[in-house]
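What the coordinates show
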Amino acid sequence: MGKKTKTRIGILTAGGDCPGLNAAIRGIGKAAILEYGMEVIGISDGFLGLINNDYSVLKEENLSGILTLGGTILGTSREKPFKKNNTGNPFQDVDKPKLIKKHYDEIGLDCLVCIGGNGTQKTAARLSEEGLNVIGIPKTIDNDVWGTDTTFGFASAVNIATEAIDRLHSTANSHKRIMVIEVMGHQAGWIALHSGIAGGGDIIIIPEIKFDEKKIIETLIKRAEIKKSYSIVVVAEGIEVPKRKEDVCRKISAGQYIAKIINEKTGFETRETVLGYIQRGGTPSPIDRILATRYGAFAAELIAKKKFGNMVAIINDNLVPVPLKDVANKTKFVPADYPMIKKARYIGTSFGD
Ligand code: F6P
């Protein structure tokens, strides 16, 4: 790197990709360059890029035209530098945190911006404890990062899942079927809850509410008895799937399991859709573009004020810094008494309990 005359920040994107990552890179990068006169370095493939010293200079022109782009121009990985890999691969035995600190110094970084979910913020907190200047930006479609009302990526995933559910209504109606759709969310039920309500799901099953198979069956039979010709069941991927001997030969997903028991116990024609990675692809929704831009610009402000060791967060629509040490090792689950759940129950939505 050339002689350093300006504050130099490094940006990395880590963990699962999602719509809005490039909007966030653009937000932090443009604010750093245009508002604060900083230099910006793009680190490749998450923390792997710092381990391998793989980076590039980001100029203002590199940040144009990426607001609406899905994915991440920097690439990402699920590399966890503080997690020992017992792969037997000699490369894995190197002291990865030591390499990260070495390359952070050699590149001449004054701050590292880590854009990612729970795992990323946990690593960011560890690097902060080790003396690096770090700022976290919460990203994930799962919306399960503690300390912030919402992560960017979530709104886009809810839009995608809701559109899929909307489409399932017409085919379920045509065939008089039970349609089960499994959505992502890791161990939390935020995507299932929001897309289930937005999409008019009749039954929404989330990890935070223990479901009773008998109640699910009863609900569907009651609907059939009052001449409801079809039903939509929205299932979060993270629900607990009981191990059954008849399923031992193959890993059965949450949605496949729920569809199986419905068909077995009601005899109703049932089909399942596992929506999968579509929820992580494509252009970010306007809500996510705005949130990612706000997060990025606020991160640049915190760096200018040397308020390191924080994650940017939004609480009641206010941008606030939250200490990384308070975020690490926590997950934000749907509260059992979440008001949205109560209102959904008022209109007859079942949560399988
Ligand atoms: O964290 C985002 C997410 O899409 C989760 O919803 C999902 O369970 C997980 O990533 C899938 O991980 P991978 O991309 O490693 O298959």
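Residues numbered from 1 in each chain as written. Predicted model: local features only at pLDDT ≥ 70, side-chain atom pairs only at ≥ 80, totals over all residues. Heavy atoms only, no water.

**Observations concerning the overall build of the protein**
From N to C terminus, the protein includes 11 helices and 11 strands. Taken over C-alpha atoms, the radius of gyration comes to 22 Å for the protein, in line with the 20 Å a tight globule of 353 residues would show. Along the first, second and third principal axes, the C-alpha set of the protein runs to 75 × 45 × 35 Å. When contacts within the protein are restricted to residue pairs at least 6 apart in sequence, those whose partners lie at least 24 apart make up 73%. About 15900 Å² of surface is accessible on the protein, with carbon and sulfur atoms providing 52% of the total. Between the averaged position of the 48 positive side-chain charges in the protein and that of its 40 negative side-chain charges there is a distance of 1 Å. (Helix = DSSP H or I, 4+ residues; strand = E, 2+ residues; numbered from the N terminus. Rg over C-alpha atoms; globule rule 2.2 N^0.38 Å. Contact = heavy atoms within 4.5 Å. Areas by Shrake-Rupley, 256 points an atom, 1.4 Å probe, with all protein chains shown as cover. Lys, Arg positive; Asp, Glu negative; His and termini not counted. Charge placed at Lys NZ, Arg CZ, Asp CG, Glu CD.)

**Section: the pattern of salt bridges**
Scanning the entire structure with this criterion turns up 16 salt bridges. Note that Glu79 is salt-bridged to Lys96, the shortest N-O span being 2.6 Å. One end of the pair, Glu79, is in the loop between strand E3 (55–58) and helix H3 (96–107); the other, Lys96, is in helix H3, and 17 residues separate them in sequence. Here Glu79 and Lys96 have matching classes, each one buried. Through salt bridges with shared partners, a single network forms among Arg177, Glu269 and Arg271. (Salt bridge = Lys/Arg side-chain N within 4 Å of Asp/Glu carboxyl O. Buried < 20%, exposed > 50% of the residue type's maximum accessible area, 1.4 Å probe, protein only.)

**Structural notes on the packing of helix H6 (residues 190–198) against helix H11 (residues 339–346)**
Packing of H6 against H11 leaves a shortest axis separation of 11 Å and a crossing angle of 35°. As for the relative orientation of H6 and H11, their crossing is left-handed in sense. Residues Leu193, His194 and Ile197 of H6 form the contact with H11, whose own contacting residues are Met340, Ile341 and Ala344. (Axes fitted to C-alpha atoms, helices over the stretch in contact; angles between N-to-C directions. Left-handed = near helix turned anticlockwise from the far one by under 90°.)

**Some remarks on the site of the ligand**
In the vicinity of the ligand, the contacting residues are Arg78, Thr140, Ile141, Asp142, Met184, Gly185, His186, Glu237, Tyr277 and Arg280. Contact distances for the ligand include 3.2 Å between an oxygen atom and a backbone N or O atom of Gly185. Between an oxygen atom of the ligand and a main-chain N or O atom of His186, the distance comes to 3.5 Å. Protein coverage of the free-state accessible area of the ligand, which is 390 Å², stands at 73%. With respect to the detected pockets, the ligand is housed in the largest pocket. (Near = heavy atom within 4 Å. Polar contact = N/O pair within 3.5 Å; in protein donor to acceptor, adjacent residues only side chain to side chain. 1 Å grid on protein atoms, 1.4 Å probe; cavity = no way out; pocket = protein on both sides within 12 Å on 5 of 7 lines; lining within 4 Å. Sits in = over half its atoms within 2 Å of the grid points.)

**Quick notes on the domain arrangement of the protein**
Under the domain assignment used here, the protein contains domain 1 (8–153 + 284–327) and domain 2 (156–280). Each of domain 1 and domain 2 has a C-alpha centre, and the two are 34 Å apart. Contact with domain 1, which involves 13 residues of that partner, is made by 11 residues of domain 2. Summing both sides of the interface, domain 1 and domain 2 together bury roughly 920 Å²; the carbon and sulfur share of this comes to 47%. Per-residue buried area on domain 1 facing domain 2 is highest for Asp17, Ile141 and Asp142; these three make up 49% of the total on that side. Viewed at the interface, domain 2 and domain 1 are joined by one salt bridge. Where Asp17 meets Arg280, a salt bridge forms, and the shortest distance between an N and an O atom there is 2.9 Å. Remark: the boundary between domain 1 and domain 2 carries seven residue pairs in polar contact (both at pLDDT 80 or more). A per-class count over the side of domain 1 that touches domain 2 returns four nonpolar, four polar and five charged. (Domains from an automatic or database assignment. Buried area = accessible area lost by both parts, 1.4 Å probe. Nonpolar A, V, L, I, M, F, W, Y, C, P; charged D, E, K, R; others polar.)

**A short note on the nonpolar core**
If you look at the biggest cluster of nonpolar residues, it comprises 81 residues, and the most contacted ones within it are Ile115, Phe152, Ile205, Val233, Ile239, Ile258 and Ile262. Counting contributing residues per domain, this core is built from domain 1 (8–153 + 284–327) and domain 2 (156–280), each supplying no fewer than three. Formed by 25 residues, the second largest nonpolar core is a distinct cluster that contains Ile100, Tyr104, Met311 and Val327. (Core = buried A, V, L, I, M, F, W, Y, C linked by side-chain atoms within 4.5 Å.)

**Points about the packing of aromatic side chains**
Following the criterion strictly, the structure yields one aromatic pair and no others. Judged by centre distance (5.2 Å) and plane angle (90°), the rings of Trp190 and Tyr338 are edge-to-face. Highlighted residues: Trp190 in helix H6 and Tyr338 in the loop between helix H10 (324–327) and H11, separated in sequence by 148 residues. Overall, the relative accessible area of 4% leaves Trp190 in the buried class. Lying across the ring of Trp146, Lys330 places its NZ or CZ 3.9 Å from the centre. Stacked on the ring of Trp190, the Lys or Arg Lys332 has its end atom at 5.1 Å from the ring centre. (Phe/Tyr/Trp six-rings, centres within 6.5 Å; stacked < 30°, edge-to-face > 60°. Lys NZ or Arg CZ within 6 Å of the ring centre and 35° of its normal.)

**Remarks on the sheet that holds strand E1 (residues 8–13)**
Pairing is mixed across the open sheet formed by seven strands, whose spatial order is E3-E2-E1-E4-E5-E10-E11. Sheet topology places E3 and strand E11 (318–323) at the edges, where each strand pairs with a single neighbour. Here the average twist between neighbouring strands, direction ignored, is 30°. Sheet analysis places E1 next to strand E2 (residues 39–43), joined by four bridges and oriented parallel. Paired with Arg8 across the two strands is Glu39, which belongs to E2. (Pairing = 2+ DSSP bridges.)

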